Amino acid sequence: MSPSLQQGRPARAPGYRLTLAGQVISPELDARLMRLRLTDRRGLEADQLDITLSDHDGRLALPRHGAELTLALGWQDAGLVERGTFIVDEVEHSGAPDFVVIRARSADMRRQLPGKRSQGWHELTLGDIVTTIARRHQLEPALGTTLQGVYVEHADQTDESDLHFLTRLAEQYDAIATIKAGRLLFMAAGQANTASGRAIAPMTLRRHHGDGHRYVEADRHAFTGVLAYWHDPDAAERREVIAGSDENVKRLRHTYASRDDAANAARSEWQRIQRGGAECSLTLAEGRPDLYPETPVTLTGFKAKVDGTPWLITEVTHELTDTAYTSGVKMEVRNTADKASS
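Residues numbered from 1 in each chain as written. Predicted model: local features only at pLDDT ≥ 70, side-chain atom pairs only at ≥ 80, totals over all residues. Heavy atoms only, no water.

Asker: Explain the layout of surface pockets to me, and be specific about the residues and the numbers.
Answerer: One number sums up the size of the second largest pocket: a volume of about 500 Å³. In terms of lining, the second largest pocket is formed by 20 residues, of which the most central are Arg-168, Gln-172, His-254, Tyr-256 and Ala-265. If you list the elements that add at least two residues to the lining of the second largest pocket, you get β10 (151-161), α5 (162-172), β17 (249-256) and α6 (259-275). Considering only residue class, the lining of the second largest pocket consists of nine nonpolar, four polar and seven charged. (1 Å grid on protein atoms, 1.4 Å probe; cavity = no way out; pocket = protein on both sides within 12 Å on 5 of 7 lines; lining within 4 Å. Points joined across faces, edges and corners; volume = space filled by probe spheres on them. Helix = DSSP H or I, 4+ residues; strand = E, 2+ residues; numbered from the N terminus. Nonpolar A, V, L, I, M, F, W, Y, C, P; charged D, E, K, R; others polar.)

So, in structure tokens, the structure goes:
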């Protein structure tokens, strides 16, 4: 039960605005809307919008593939929050009773940086690489300050798309790569910062805000650090570098071309292990249209260990019907990893 009902106040009325090809269509859909679901993800995975509409009278027109939708949602007493532009890529009609499901994905990600290519990237910074790829696709590059000047001795892009190559780079450097509003963003994961390095405003979520929660803690202390190897051409031997401590290390299989590459790989993997130590998910009884991935969160009203953990949102799901609006939030531990040492 929502907090407003518990306190004897009238239930809040959810609201949304949907446009199709620039025309507002939400008033016409109000009587037909069965469910609207928006899944907002981080990284190079497209956000998804699913709209289920009643076609009980058989008069509902099906949108064409490639049609452009824009969405704003929230509460009628607090205003709506713009949530982006989406391109229709799947339409389903089922029955009986008849209904239509429209599936659309974020317009920024629909291009997917197409075209396979082979290219060697030699003695460049991450900033150089991301900028080159961004301009190739008429995007504006935006890099996190901690990654802008990271030196890359050599990287091979072999018969793969720029999207796949960027995904590999992001994994290697524990980064988030995504496309938003015509910008190619490449930023450190788990830092709760924008691409420019500005801290994202934290949020507090309290237990009474939710209808349910789930907290899972893994044995993050199974490894105390990560070890990576690199080839030292001067000494003609393999050397190692460690992120964390050497009590019980995870060893990376690959031998890197330089100490910097090995240190970056070890640090990135150690940061992933640290963040994977626990996860938490909440279902909010009253939806929050202002929640986005990479937002830092403080939880209160749970177990002391849960409340004392610094959290970071990784995925938000907004679900709206004609009578209710709820949000589902997935979180991981914010980044607190140590730096690599030799």
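Now that the structure is up, let's keep going.
Asker: So, the nonpolar core: which residues are in play, and what are the values?
Answerer: What tends to happen in soluble globular proteins is that the nonpolar side chains get buried as a cluster. Core analysis: the biggest nonpolar cluster contains 25 residues, and Leu-126, Ile-133, Leu-147, Leu-184 and Phe-186 have the highest contact counts within it. For this core, the elements supplying multiple residues, two or more each, are α4 (126-136), β10, α5, β11 (175-180) and β12 (183-188). Leave out the neighbours within four places in its chain, and Leu-184 touches Val-130, Ile-133, Ala-134, Leu-139, Glu-140, Pro-141, Ala-142, Leu-166, Thr-178 and Ile-179. (Core = buried A, V, L, I, M, F, W, Y, C linked by side-chain atoms within 4.5 Å. Buried < 20%, exposed > 50% of the residue type's maximum accessible area, 1.4 Å probe, protein only. Contact = heavy atoms within 4.5 Å.)

Asker: An account of the pattern of salt bridges is needed here, citing residue identities and associated values.
Answerer: All chains considered together, the criterion is met by 20 salt bridges. Close ionic contact of Glu-92 with Arg-103 constitutes a salt bridge, the shortest N to O distance being 3.2 Å. Taken together, the positions of Glu-92 in strand β6 (residues 79-94) and Arg-103 in strand β7 (residues 99-106) put the pair eleven residues apart, joining distant regions of the chain. Note on Glu-92: relative accessible area 29%, which makes it partly exposed. Measuring nitrogen to oxygen at the nearest pair gives 2.7 Å for the salt bridge that ties Asp-232 to Arg-239. Taking relative accessible area as the criterion, Asp-232 reaches 11% and is therefore assigned buried. Within the structure, one salt-bridge network assembled from shared partners comprises Asp-50, Glu-90, Glu-92 and Arg-103. (Salt bridge = Lys/Arg side-chain N within 4 Å of Asp/Glu carboxyl O.)

Asker: Quick rundown of the packing of α4 against α5? Include the residues and the values.
Answerer: Axis separation between α4 and α5 bottoms out at 11 Å; the angle between their running directions is 155°. As judged from the angle between their axes, α4 and α5 are roughly antiparallel. Crossing hand, α4 versus α5: left-handed. Residues Leu-126, Ile-129, Val-130, Ile-133 and Arg-136 of α4 form the contact with α5, whose participating residues are Asp-162, Phe-165, Leu-166 and Leu-169. For the contact of α4 with α5, the class distribution of residues is seven nonpolar, no polar and two charged. (Axes fitted to C-alpha atoms, helices over the stretch in contact; angles between N-to-C directions. Parallel < 35°, antiparallel > 145°, perpendicular 65-115°, else oblique. Left-handed = near helix turned anticlockwise from the far one by under 90°.)

Asker: Could you give me a rundown of the environment of Asn-264, with the residues and numbers involved?
Answerer: Position of Asn-264 relative to the elements: it lies in helix α6. Judged by relative accessible area, Asn-264 falls into the buried class, the value being 11%. Sequence separation between Asn-264 and Asp-211 is 53 residues; the distance between their C-alpha atoms is 41 Å. Apart from the residues within four sequence positions on either side, Asn-264 is in contact with Val-150, Gln-172 and Tyr-173. A polar side-chain atom of Asn-264 sits 2.7 Å from a polar atom in the side chain of Arg-267. (Polar contact = N/O pair within 3.5 Å; in protein donor to acceptor, adjacent residues only side chain to side chain.)

Asker: Provide a residue-level description of the packing of aromatic side chains, including the pertinent values.
Answerer: Scanning the model with the defined rule gives three aromatic pairs in all. Pairing Trp-121 with Phe-165 gives two aromatic rings, centres 5.7 Å apart and planes at 10°, and the pair type is stacked. In this pair, Trp-121 sits in strand β8 (residues 116-125) while Phe-165 sits in helix α5, placing the two residues 44 residues apart along the sequence. Aromatic pair Tyr-215 and Trp-311: ring centres 6.1 Å apart, planes at 90°, arrangement edge-to-face. Within this pair, whereas Tyr-215 is found in strand β14 (residues 210-217), its partner Trp-311 is found in strand β20 (residues 311-320), the two being separated by 96 residues in sequence. Residue classification places Tyr-215 among the partly exposed residues on the basis of a relative accessible area of 26%. Of the residues examined, Trp-311 reaches a relative accessible area of 0% and is grouped as buried. A cation over an aromatic ring shows up here: Arg-238 above the ring of Tyr-229, its NZ or CZ 3.7 Å from the ring centre. (Phe/Tyr/Trp six-rings, centres within 6.5 Å; stacked < 30°, edge-to-face > 60°. Lys NZ or Arg CZ within 6 Å of the ring centre and 35° of its normal.)

Asker: Hey, could you go over the sheet that holds β11 for me, with residue numbers and the actual values?
Answerer: In space, the three strands of this open sheet follow the order β9-β12-β11, with mixed pairing throughout. The open sheet terminates on both sides in strands that have one partner only, identified here as β9 (140-143) and β11. Strand-to-strand twist across the sheet, computed as the mean angle between neighbouring axes with direction ignored, equals 15°. Sheet contacts for α4: β9 and β12; angle to β9, the most-contacted strand, approximately 155°. Here α5 sits on the sheet and contacts β11 and β12; the angle it forms with β12, its principal contact strand, is near 20°. (Pairing = 2+ DSSP bridges.)

Asker: Residue-level account of the pairing of β20, with values.
Answerer: For β20, the tally of buried residues reaches nine of ten residues, placing the bulk of the element in the interior. Here strand β3 (residues 33-41) pairs with β20 via six bridges, running antiparallel. What sits directly across from Arg-37, in β20, is Glu-319. With two bridges joining them, strand β19 (residues 296-300) and β20 adopt antiparallel strand pairing. Looking at β20, one finds that Val-297 is bridged to Trp-311.

In short, shape yes, function no, at least from these values alone.
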